[in-house]
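# Reading the structure
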Amino acid sequence: MTGEDLYWTFIDIANGLLSGAMLGGYYAILSIGLAITFGVMRLVNLAHGDWLVVGAYGAVIILQILPISPFLNLIILVPIMFAIGYWVQRLLLNRVSAQSMEQRGMAPSFALMAPILVTFGLSIVLSHLLLALFDSNARNIQNALSFSSIRLSQDLTISTLRFIFFCIAIGILAAVHLFLRYTHTGRALRAASDDAGIAPLMGIRTAHVYAVASGLSIAIAGVAGVMVGMSRTFQPFDGTQFLLIAFGVVILGGLGSIVGSLVGGILLGVTQVLAGTYFGPSAQLVAGYMLILLVLAVRPQGLFSR
Amino acid sequence: MSISAPDSARAGGAAAPLLEVSRLSAFYGEVSALHDVSLEIFPGEVVSVIGANGAGKTTLLKSIVGLMNQGRAAHIRGEIEFRGRRLDRMSTEEIVDAGVTMVPEGRRLFTSLSVEDNLLAGAHLPRARAGIRDRLEQVYGLFPRLAERREQRAAQMSGGEQQMVAIGRALMSDPSLILFDELSLGLAPAVVDDIYRRVQQIIDRGVTCVVIEQDMKRALAVAARVYVMLEGRVVLHGAPAELTEARVTAAYFGTEIGQHGS
């Protein structure tokens, strides 16, 4: 092997690691919402991917009315998505939670299924609603950065967009962490996650706390939707593929662990990009699922689970 | 053995009760767990509720703090009045806000949270947040051990320390009435002695307490009045001095139903 060969091998791996890590930041944002709803409510939200697509279409509408930067658009989109998430939880999902189904006399094993089935129904309703409001044509969110990249050295580059997404992912993770750690509501969320039965004795209203968790989850899904729309095209029925990515990341990182989402995202991203580099683009998805299988076999609770 | 109670508490004289439970029945689904239970708690007094397993002691406390309002799964009938307000029509959050709280059986700590976060979670209500730092210092003053371990996860504490966290967490909501469920269960006697010394300090500060206790001697020692429950009914009540141990034991096991003290 000549020196030049060695150099190119190094560059390939370095590029793979870098762009894989950047992709991981994007994957993390896709998944944090799912980790939050599972972590706080033990709710498997099958509509998670569809909320992401709703966010992407929401951005399309806002940008039609107000032609600003897609990033500035988040200032309008995020509060709207939070409000939608909050009220969907209060008016719909809290009513069908395992606890309230049991109170209405349903057997515990069936009661556990109720909220999952409802989120599945929500997924179908949301995607068909999008189809009715828009059409099945692929859309994207126009932006100036799509083809721009940052050159680190002569042969090492990363996509500007992915780099920004990575920074936003770190920002969101830090914000969620600080919120959970240091605010009264964040502490109440963690307390209700540990023992929802006794949380009311602290004066914690679980209905409100769950709604905040759901609002947070769907607001972040909205951010993820905008990122999806900026980096590729999307259609009303694309939710499932994002749900699958989010599931993979959450399983890798540990169910309900917020930091685990970032680590899981980066692991998945790096694996996919390296597999793509060495075995061709078709190997990307397979390699990702192999990794998930491997982690499930060795550490089924995920890498960061308590 | 009996400790002296404030005059207002003695035998339920002229003072109005702080808590008044009237003809309370409780049901888990169709199964009834309490039948027409009535009792009164006066300001500043300590009342013990004793009885065998399944006598309805825990259900009684859960009913008072609103944890039996569970739709079809669990519900209550009857009246519970606290300072003139009907607790039986309020949610647990509102009841805690009104000044009643419970230290639940088995502690029920938030195990993944630190000791300090458990305590702070206890002060979630706006009313309790007002003096949160002062109250936290008071709890640490009462339980210096917790101050040393404030960053430790609650799950890693010993049983006695966990009971201290549970008591401290209840104090953080600034209650006027604390219901203790099975304070000594699963703890070594020396630890229980220590816990009861701290509870005595809480009592001395004027907080009214109801204590459920398996250990009959301890229950008679700490309380100004005792209620004995059997199969969902109150079968005997009175001041410890008026109740001979033989009578309490008989009531406890149901061999002498229907005789009331005081």
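Residues numbered from 1 in each chain as written. Chains lettered and ligands numbered in written order. Predicted model: local features only at pLDDT ≥ 70, side-chain atom pairs only at ≥ 80, totals over all residues. Heavy atoms only, no water.

Residue and element names in this part refer to chain A. Interhelical geometry of helix α2 (residues 48-65) versus helix α3 (residues 70-93) gives an angle of 130 degrees and a closest axis separation of 10 Å. With respect to α3, the axis of α2 lies oblique. When the axes of α2 and α3 are compared, the crossing they make is right-handed. Residue-level contacts link W51, V54, G55, G58, A59, I62 and L63 of α2 to P70, N73, I76, L77, M81, I84 and V88 of α3. Taken together, the residues that form the contact of α2 with α3 break down as 11 nonpolar, 3 polar and no charged. (Axes fitted to C-alpha atoms, helices over the stretch in contact; angles between N-to-C directions. Helix = DSSP H or I, 4+ residues; strand = E, 2+ residues; numbered from the N terminus. Parallel < 35°, antiparallel > 145°, perpendicular 65-115°, else oblique. Left-handed = near helix turned anticlockwise from the far one by under 90°. Contact = heavy atoms within 4.5 Å. Nonpolar A, V, L, I, M, F, W, Y, C, P; charged D, E, K, R; others polar.)

Another aspect to go through is the layout of surface pockets. What the second largest pocket holds in volume is close to 560 Å³. Along the wall of the second largest pocket there are 23 residues; nearest its centre are Q99, Q103, T206 and A207 of chain A together with E93 of chain B. Secondary-structure elements contributing two or more residues to the lining of the second largest pocket are α4 (98-103) and α8 (206-231) of chain A together with α2 (92-98) of chain B. It is α8 of chain A that provides the largest number of residues to the lining of the second largest pocket, a total of 4 residues. Class assignment for the residues of the lining of the second largest pocket results in 6 nonpolar, 13 polar and 4 charged. (1 Å grid on protein atoms, 1.4 Å probe; cavity = no way out; pocket = protein on both sides within 12 Å on 5 of 7 lines; lining within 4 Å. Points joined across faces, edges and corners; volume = space filled by probe spheres on them.)

A separate point is the nonpolar core. Of all hydrophobic cores here, the largest spans 120 residues; its most connected members are W51 of chain A together with I64 of chain B. If you tally residues by element for this core, the top one is α8 of chain A, at 15 residues. Non-local contacts of W51 of chain A, meaning those with residues more than four positions away in its chain, are made with N45, M81, I84, V88, L122, L126, I218 and A221 of chain A. (Core = buried A, V, L, I, M, F, W, Y, C linked by side-chain atoms within 4.5 Å. Buried < 20%, exposed > 50% of the residue type's maximum accessible area, 1.4 Å probe, protein only.)

Note on strand geometry: in a regular strand, side chains alternate between the two faces of the sheet. Residues and elements named next belong to chain B. Along strand β6 (residues 100-103), one buried face is formed by V100 and M102 and the opposite face, lined by T101 and V103, is buried too. Here β6 runs beside strand β7 (residues 177-181); their pairing, made up of 4 bridges, is parallel. Its bridge partner being in β7, V100 is matched across the sheet by L177. (Pairing = 2+ DSSP bridges.)

Another aspect to go through is the interface of chain A and chain B. Facing 22 residues of chain A, the contacting portion of chain B comprises 28 residues. Buried area between chain A and chain B, summed over both chains or domains, comes out near 2,300 Å², and the portion from carbon and sulfur atoms is 59%. Inspection of the chain A/chain B interface yields 5 salt bridges. In this structure, R187 of chain A and D117 of chain B form a salt bridge, with 3.2 Å as the shortest nitrogen-oxygen distance. Remark: the boundary between chain A and chain B carries 9 residue pairs in polar contact (both at pLDDT 80 or more). If you list the elements that add at least two residues to the side of chain A that touches chain B, you get α4 and α7 (184-194) of chain A. Of all the elements, α7 of chain A adds the most residues to the side of chain A that touches chain B, at 6 residues. A breakdown of the residues in the side of chain A that touches chain B according to their chemical character gives 8 nonpolar, 5 polar and 9 charged. (Buried area = accessible area lost by both parts, 1.4 Å probe. Salt bridge = Lys/Arg side-chain N within 4 Å of Asp/Glu carboxyl O. Polar contact = N/O pair within 3.5 Å; in protein donor to acceptor, adjacent residues only side chain to side chain.)

Residues and elements named next belong to chain B. If you walk across this open sheet you meet the 4 strands as β2-β1-β4-β5, and the pairing is antiparallel. Two strands lie at the open edges of the sheet, namely β2 (31-41) and β5 (85-86), each paired on one side alone. Two elements, strand β1 (residues 19-28) and strand β4 (residues 74-82), share 8 bridges in a ladder whose sense is antiparallel. Residue pairing in the sheet places S22 in a bridge with E79 of β4. Against the sheet, helix α1 (residues 57-64) makes contact with β1, β2 and β4, and its axis sits at roughly 115 degrees relative to β1, the strand it touches most.

What follows concerns helix α3 (residues 115-122) of chain B. Burial runs high along α3 of chain B: 8 of the 8 residues are buried. Those residues of α3 of chain B lying buried are V115, E116, D117, N118, L119, L120, A121 and G122 of chain B. In this structure, the buried side of α3 of chain B is in contact with α6 (160-182) and α7 of chain A together with α5 (132-142), α6 (144-148) and α7 (159-171) of chain B.

What follows covers the packing of α3 of chain B against α7 of chain B. Residue and element names in this part refer to chain B. Remark: α3 packs on α7, axes separated minimally by 7 Å, with the N-to-C direction vectors making an angle of 30 degrees. The angle between α3 and α7 falls in the class roughly parallel. α3 and α7 meet at a crossing whose hand is right-handed. Facing V115, N118, L119 and G122 of α3, the residues of α7 in contact are V165, G168 and R169. When its residues are assigned to classes, the contact of α3 with α7 shows 3 nonpolar, 3 polar and 1 charged.

Before going further, it helps to spend a moment on the environment of R169 of chain B. Along the polypeptide, R169 of chain B turns up in helix α7. Once the C-alpha coordinates of R169 of chain B and A121 of chain B are considered, the two residues, 48 residues apart in sequence, prove to be 7.4 Å apart. In contact with R169 of chain B, not counting residues within four places along its chain, are I198 and M202 of chain A together with P104, R107, R108, L109, F110, N118, L119 and G122 of chain B. A polar atom in the side chain of R169 of chain B sits 3.0 Å from the backbone oxygen of R108 of chain B.

Bringing the sheet that holds strand β9 (residues 225-230) of chain B into the picture now. Residues and elements named next belong to chain B. Here 6 strands make up an open sheet; going across it, the order is β6-β7-β8-β3-β9-β10 and the pairing mixed. Where the open sheet ends on each side, the last strands, each with one partner, are β6 and β10 (233-238). Across this sheet, the average inter-strand angle for adjacent strands is 20 degrees, counted without regard to direction. α1 rests against β3 (46-51), β6, β7, β8 (208-212) and β9 of the sheet, and its axis sits at about 150 degrees to β7. Each of β6 and β7 touches α7; the most contacted strand, β6, lies at about 175 degrees to it.

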